[in-house]
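Structural overview
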Amino acid sequence: MATLSVKPGQRFSVPDWHTDVRLTAADAERQRSASHQVRQEARALRNETNNQTKWDEHDNQTRLAERISSVNRWKETLDKCLADIDAEIDALAKVKEAAECALQAKNLPLDVSIECLMLREGRCSIDVVRDLVEEELHKEVKVIDKVKRELQQRLWKLSAASPLCVLPADSNPAFCSLLQEARQQLSCDHRCKTEALEVDRVCLSLNVNSPNISFKVNPTRVPDGSTGLAEWEQKSRCNKERAEAEIKTSSKLREATLLAIAQTNNELEVQRVATEFALRKRIRDLERAYDELKWQEQNTLEEIAEMEEDIRCLVEDLQRKTQDLKVAHTRLETRTYRPNMELCRDQVQYGLTDEVHQLEGTIRALKRKLAESQDALDALYRQLHRIRASVDCKASSLVLDNKCMDSRRKLVLPDEKFVPEVDAFNRTTSCALSSLKNGQLAPA
């Protein structure tokens, strides 16, 4: 009988088989249940993480937008501060230029005052007086020197405050460019905020589809030099407040400088008016003195002519009296030759004797009066010489003071309109003096 081969190994019974089927089905149900639970939890986790990620991204987008807005507000504030500080720097430079022009403009009044003083040194004799004009001119020189020193000090302060100015060699560099330093800090802060805005805007524009996104090494680290939000805001506020303080200080300096320029100009104008008033008054006094001396000269000349005529008449009378005395002497001498008893002292003898005595007295009186007249004539000539010397002196002083008046016209007339007047003074004619009066009163 043939034998069937049997597969080696364990054989199970039908109940075992059914049990195995049931266990496998139960395990499948359990695994599916566990898988379902995991899937539900995964879905919940995905939903939760998606929501969390969306909200985190939304919150960070919002934070980035708010941060950009905050930084942009500070940037706009710094823009305004920079514009203000640039405007202040320009205004400060203009005020410094105005102060330099004002200082330069003081050279002309100083030159004119010194020129007037030097011209008046040409006076002679009694006219070299310490009059009001000289006092006012010396006062004017002192006022101009004081004004120039004050403006120079203002210029040094402006140079120390303005970053566009070059400081003098003897100024203190510690005061230099406070405004510039504030501007540099503002500019640096503005530049940093501009870069930060660019960075944050790039970050705001990033998404999962953006190129060049990748994992970074330790992206959550805190970089060196990081600051807190309060410190960041405090730093920006400090820069802004410092810039505003420097602008305020600079503005006060500008106002003080402009006030100083106006005050110094007013001081010089007041002194100029006082000096020219004194000069015009002195010219009028000189003209009156000149007129008086010319009148005295004319009267003296007339008196000299009359005196010379009287002396001529005295000489003629003296000559006639001398001839009369000769006649009387001759008569008396001739009558001494009468003979004998005819040589008597008759009335004729007495009359001739009285005539001789009378003529001798008259001649003596005429000689005394002639001597007195000669002395008076000499005195008149000496006085005439003094009058003419004084007239020449007054005329010279008038010419010099009118030159001073003409030179001072440069202080009130532009250079292109100033034309020096021709000096013409006739020392012998009164019509020239009248023209001089008109000429010296015109510039006043």
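How each quantity is defined
Residues numbered from 1 in each chain as written. Predicted model: local features only at pLDDT ≥ 70, side-chain atom pairs only at ≥ 80, totals over all residues. Heavy atoms only, no water. Helix = DSSP H or I, 4+ residues; strand = E, 2+ residues; numbered from the N terminus. Buried < 20%, exposed > 50% of the residue type's maximum accessible area, 1.4 Å probe, protein only. Contact = heavy atoms within 4.5 Å. Phe/Tyr/Trp six-rings, centres within 6.5 Å; stacked < 30°, edge-to-face > 60°. Lys NZ or Arg CZ within 6 Å of the ring centre and 35° of its normal. Axes fitted to C-alpha atoms, helices over the stretch in contact; angles between N-to-C directions. Left-handed = near helix turned anticlockwise from the far one by under 90°. Salt bridge = Lys/Arg side-chain N within 4 Å of Asp/Glu carboxyl O. Expected span 1.5 Å × (residues − 1). Arc of directions from axis to C-beta. Parallel < 35°, antiparallel > 145°, perpendicular 65-115°, else oblique. Nonpolar A, V, L, I, M, F, W, Y, C, P; charged D, E, K, R; others polar. pLDDT = per-residue confidence, 0-100. Core = buried A, V, L, I, M, F, W, Y, C linked by side-chain atoms within 4.5 Å.

Looking at the overall build of the chain
Along the chain, the regular secondary structure elements total seven helices and zero strands. The secondary structure elements of the chain, listed N-terminal to C-terminal, are α-α-α-α-α-α-α. Of all 444 residues assigned to the chain, the portion counted as buried reaches 30%. Restricting the contact set of the chain to residue pairs at least 6 apart, pairs at least 24 apart contribute 83%.

As for the packing of aromatic side chains
Following the criterion strictly, the structure yields zero aromatic pairs and no others. Here the guanidinium or amino end of Arg67 rests over the ring plane of Trp232, the centre of that ring lying 3.9 Å away.

Side note on the packing of helix H4 (residues 178-205) against helix H5 (residues 229-335)
Orientation of H4 relative to H5, taken along the N-to-C sense of each, is 145 degrees, at an axis distance of 9 Å. Both H4 and H5 take part in a crossing whose hand is left-handed. Residue-level inspection shows Leu178, Leu179, Glu181, Ala182, Gln185, Leu186, Asp189 and Lys193 of H4 in contact with H5, the latter providing Trp232, Ser236, Asn239, Lys240, Arg242, Ala243, Glu246, Ile247 and Ser250.

Some thoughts on the pattern of salt bridges
The full count for this structure, using the stated rule, is 33 salt bridges. For Lys75, the salt bridge is made with Asp79, and the minimal N-O distance between the two is 3.4 Å. Residue Lys75 and its partner Asp79 are both found in helix H1 (residues 14-105); the two are separated by four residues, about one turn of the helix. With relative accessibility at 31%, the residue Asp79 sits in the partly exposed group.

Points about the environment of Ile247
On the secondary structure map, Ile247 appears in helix H5. Ile247 sits in the buried class, given a relative accessible area of 17%. Residues Ile247 and Leu179 lie 68 residues apart in sequence; the distance between their C-alpha atoms is 7.4 Å. Apart from residues no more than four positions distant in its own chain, Ile247 is found in contact with Cys81, Asp84, Ile85, Glu88 and Leu179.

What to know about unusual backbone geometry
Positioned with a positive phi, Ser125 is a non-glycine residue whose angle comes to about 55 degrees. Within the secondary structure, Ser125 sits in the loop between helix H2 (107-120) and helix H3 (132-161). For Ser125, a relative accessible area of 63% corresponds to the exposed category.

Quick notes on H2
The end-to-end C-alpha distance of H2, which contains 14 residues, comes to 20 Å, matching closely the 20 Å that a straight helix rising 1.5 Å per residue would cover. Those residues of H2 not exposed but buried are Pro109, Leu110, Val112, Ser113, Cys116, Leu117 and Arg120. When H2 is viewed along its axis, its buried side chains cluster within an angular range of 165 degrees and face the same direction.

Overview of the packing of H5 against helix H6 (residues 347-408)
Close contact between H5 and H6 brings their axes to 5 Å; oriented N to C, the two are set at 165 degrees. Taken as axis vectors, H5 and H6 run roughly antiparallel relative to one another. Two packed elements cross with a definite hand, and for H5 against H6 that hand is left-handed. Looking at the contact of H5 with H6 residue by residue, the class counts come to 34 nonpolar, 13 polar and 22 charged.

Some remarks on the confidence of the model for the chain
Overall, the predicted model of the chain reaches an average pLDDT of 82, with 87% of residues at or above 70. Scored below 50 in pLDDT, residues 164-176 shows 17 contacts in the model against residues more than four places distant or in partner chains. Low pLDDT, under 50, characterises residues 422-444; the stretch is placed with 36 contacts to residues that sit more than four places away or in other chains.

Details of the nonpolar core
Looking at soluble globular proteins, one finds that nonpolar side chains tend to be buried together. Among the nonpolar cores identified, the biggest contains 43 residues, and Ile85, Leu151, Leu158, Leu186 and Leu279 are the most heavily contacted of them. Only H1, H2, H3, H4, H5 and H6 provide two or more residues apiece to this core. At 11 residues, the largest contribution of residues to this core is made by H5. Residues contacting Leu279, with those up to four places away along its chain left out, are Val133, Asp401, Cys404, Met405 and Arg408.

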